[in-house]
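Okay, here's what each chain looks like letter by letter:
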Amino acid sequence: MKRFEPYVFLRGIATRWDVLAFIVVIGLVVFLGETSRGLFAPLTALQTTPISLDPWHLPEYAARTTFRMFAALALSLVFTLTYATWAAKSERAGRLLVPILDILQSVPILGFISITVVFFMSLAPGRVLGERHEEHVAIFTSQAWNMAFSFYQSLRTIPIELTEAAESFRLSPWMRFWQLEVPFGMPALIWNMMMSMSGGWFFVVASESISVGHTTVALPGVGSYIALAIEQKNLSAIGWAIATMLIVILLYDQLLFRPLVAWVDRFRVEQEPGARVPDSWALTMMRRSRLIQAATLRSTPAVMFTSRAVKRRDEPLPEPADRPKRSMDLLWVMLIVAAVVAGLWHIVVVLIQNTPLKEALQVCGLASLTMLRVFVLISLASLVWVPIGVWVGMRPRAAQIVQPIAQFMAAFPANLLFPIAVYGIVRWKLNPDIYLSPLMILGTQWYILFNVIAGASSIPAEMRYVAENFRITGWLWWRKVALPAILPFYVTGAITASGGSWNAAIVAELATWGDTQIQARGLGSYIAEATTAGDFHRIVLGIGTMSLFVVVINRVFWRPLYYYAERKYRLT
């Protein structure tokens, strides 16, 4: 006899996955509506409703901060798909666009905020929207360069057999972009989006409350909440902010990035046999929900636009004439020359002409101190995380446990912990030049761990068996097997960690706790002081010096080391 189920008829209307999907979707709609409210409100509205340290306001502040993060992430994705594609497709443009991108990622983001805050406020004078523009661009600069480089490298390394297959099917450039190039670059791009999101939290917390001379920016959000808690020396408020950030990071990780990682796994060209396929409960919900399936079917015509927008050509395109090509080359050279002349004129007139030699030497000396800190911190972090990363990468079960924890820690904005460190330094009267330095690498050390784990997990099983058969152990195993195998991956992580540490120096070398200010000598504190004073000449001088040091170090040390490691120790 069949068991009677009184509510069985409800299954034909909605399943439990439909209910869960409905709650998630409606929650997102309400979230977007609440956080975008007040964009066109006057700036006086911020003064009439000042930031409150009441923990009940933290969910609203966290929602506003998260909305700004995702708005900047969407802008970064559009920039990546256009700029990186242009640089990869056009050899002429790539010769200029790639070096520009390399230099842009060396510009300190917090110093960039100091220059642009007045400009963006003038776009919408007297409105909150102007300050939102400034913050979105600040977060954009912390996310876009890494994502663009990732997609550019993917486009440059598409396997020849896939390119030949696209030519055999006579795909138009538009179809080839959406059906080959974007899917091929998507797995690496998603992971870099996760890391860019993690780096963006550091700068959004720092940019929500910033003062440049007489211009003060204080938007409702976690960053301004933390700034007020520091000003009032309220450790309990900082604790509430840390707990809130942990919940926010967990939510967007489970609702966005985990489903994306599981979804893009289908686009991987090389699938390791026996490897664990990533899964996500949110992706399962989307696949099983009838509501989302119906919405997907409705949006199918829009998705098919990527295949139908440009018709295929059966016959090859005619070769362009030499004269138009020469004209384009001449126009391109003229544009480059004009840009170089304008840049040199501004550097000479605005910077060099008004900078005494003594001040220039002083700034170079401060940059050398910061550079020394960065190298020492990278070395210490390498001594800690390289052995751990190799141990985890050689054990798949351990990697499944450690990687989510490490990703969660990397997503946590390290500058939320700065007030606690400053409190300890002030209370025990420690030396700021020494004890402020570790704050520079708190949020960037994870790049080294991630890349070392990836390198260790890619060591072929044959190489491990050979080492076991020849009984290679101890330091000999590290010198002949482990270190050569992970060196290309380690250098990649160290370059990213080094650049992040230079940026973090602006916040870490000059920290405050209430009325108490502690400072470590270095270029970061120089830029921070100039920003507070509104001295744009010193801000530009500090930014230019830091960019010059980062570019020179990358070209002289990191790039040659990377090419050496890739050429000599590449396993495939």
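On a predicted model such as this, the values are computed, not experimentally measured, just so you know.

Side note on the overall build of the chain
Then comes step 1: Helix and strand content of the chain: 22 helices and four strands.
Then comes step 2: In the chain, which comprises 572 residues, the proportion classed as buried is 44%.
Then comes step 3: In the chain, the proportion of contacts linking residues at least 24 apart, taken out of those at least 6 apart, comes to 81%.
Then comes step 4: Summed over its atoms, the accessible surface of the chain is roughly 31700 Å², and 66% of this surface lies on carbon and sulfur atoms.

Comments concerning the environment of Met-147
Then comes step 1: Position of Met-147 relative to the elements: it lies in helix H6 (residues 128-156).
Then comes step 2: Classification of Met-147 by relative accessible area gives buried; the value is 0%.
Then comes step 3: Through-space distance from the C-alpha of Met-147 to that of Leu-77 is 7.5 Å; in sequence the pair is 70 residues apart.
Then comes step 4: Excluding anything up to four places from it in sequence, Met-147 contacts Leu-73, Ser-76, Leu-77, Thr-80, Leu-189, Asn-192, Met-193 and Ser-196.

Some details on the nonpolar core
Generally speaking, nonpolar side chains in soluble globular proteins are found buried as a group.
Then comes step 1: Counting 121 residues, the largest nonpolar core has Trp-201, Ile-378 and Tyr-490 as its most contacted members.
Then comes step 2: Residue contributions to this core peak at 15 residues, all from helix H20 (residues 474-508).

Concerning the pattern of salt bridges
Then comes step 1: Under the criterion given, the structure shown has seven salt bridges.
Then comes step 2: Measuring nitrogen to oxygen at the nearest pair gives 2.2 Å for the salt bridge that ties Lys-89 to Glu-181. You can see Lys-89 sitting in helix H3 (residues 58-89) and its partner Glu-181 sitting in helix H8 (residues 173-207), a full 92 residues away along the chain.
Then comes step 3: Salt-bridge contacts for Asp-433 lead to Arg-373; the nearest nitrogen and oxygen are separated by 3.4 Å. Note that Asp-433 is positioned in helix H17 (residues 432-435) and Arg-373 in helix H14 (residues 357-393), a separation of 60 residues in sequence.
Then comes step 4: Via salt bridges that share partners, Arg-373, Asp-433, Glu-509 and Arg-521 belong to a single interconnected network.

Some words on the side chain of Gln-143
Then comes step 1: Within the secondary structure layout, Gln-143 lies in helix H6.
Then comes step 2: Residue classification places Gln-143 among the buried positions, given a relative accessible area of 0%.
Then comes step 3: Among the polar contacts listed, one links the side chain of Gln-143 to the side chain of Ser-76, at a separation of 3.4 Å.
Then comes step 4: Other than its neighbours up to four places away in sequence, Gln-143 contacts Met-69, Ala-72, Leu-73, Ser-76, Ser-196, Met-197 and Gly-200.

Structural notes on the packing of aromatic side chains
In this description, a pair of aromatic rings is defined by centroid distance and the angle of the planes.
Then comes step 1: The tally for this structure, following the rule as stated, stands at 16 aromatic pairs.
Then comes step 2: Judged by centre distance (5.6 Å) and plane angle (75°), the rings of Phe-79 and Trp-145 are edge-to-face. Here Phe-79 is found in helix H3, whereas its partner Trp-145 is found in helix H6, with 66 residues between them in sequence.
Then comes step 3: The exposure class assigned to Trp-145 is buried, which follows from its relative accessible area of 11%.
Then comes step 4: An angle of 75° between the planes, with centres 4.8 Å apart, marks the rings of Phe-557 and Trp-558 as edge-to-face.
Then comes step 5: Residue Phe-557 is classed as partly exposed on the basis of its relative accessible area, which comes to 38%.
Then comes step 6: The ring centre of Trp-428 lies 5.8 Å from the NZ or CZ of Arg-427, which sits over that ring.
Then comes step 7: A cation over an aromatic ring shows up here: Arg-538 above the ring of Tyr-526, its NZ or CZ 4.8 Å from the ring centre.

As for the packing of H14 against helix H22 (residues 536-569)
Each packed pair of helices is defined by two parameters, the angle between the axes and the distance between the axes.
Then comes step 1: Between H14 and H22, the shortest axis-to-axis distance is 10 Å and the interhelical angle comes to 45°. With respect to H22, the axis of H14 lies oblique. Two packed elements cross with a definite hand, and for H14 against H22 that hand is right-handed. Contact with H14, carried on its side by Glu-359, Val-363, Cys-364, Ala-367, Ser-368, Met-371, Phe-375 and Ile-378, involves His-537, Arg-538, Leu-541, Thr-545, Phe-549, Ile-553, Phe-557 and Trp-558 of H22 and no other residues of that element.
Then comes step 2: Classifying every residue of the contact of H14 with H22 gives 11 nonpolar, three polar and two charged.

Rules used in this analysis
- Residues numbered from 1 in each chain as written.
- Predicted model: local features only at pLDDT ≥ 70, side-chain atom pairs only at ≥ 80, totals over all residues.
- Heavy atoms only, no water.
- Helix = DSSP H or I, 4+ residues; strand = E, 2+ residues; numbered from the N terminus.
- Buried < 20%, exposed > 50% of the residue type's maximum accessible area, 1.4 Å probe, protein only.
- Contact = heavy atoms within 4.5 Å.
- Areas by Shrake-Rupley, 256 points an atom, 1.4 Å probe, with all protein chains shown as cover.
- Core = buried A, V, L, I, M, F, W, Y, C linked by side-chain atoms within 4.5 Å.
- Salt bridge = Lys/Arg side-chain N within 4 Å of Asp/Glu carboxyl O.
- Polar contact = N/O pair within 3.5 Å; in protein donor to acceptor, adjacent residues only side chain to side chain.
- Phe/Tyr/Trp six-rings, centres within 6.5 Å; stacked < 30°, edge-to-face > 60°.
- Lys NZ or Arg CZ within 6 Å of the ring centre and 35° of its normal.
- Axes fitted to C-alpha atoms, helices over the stretch in contact; angles between N-to-C directions.
- Parallel < 35°, antiparallel > 145°, perpendicular 65-115°, else oblique.
- Left-handed = near helix turned anticlockwise from the far one by under 90°.
- Nonpolar A, V, L, I, M, F, W, Y, C, P; charged D, E, K, R; others polar.

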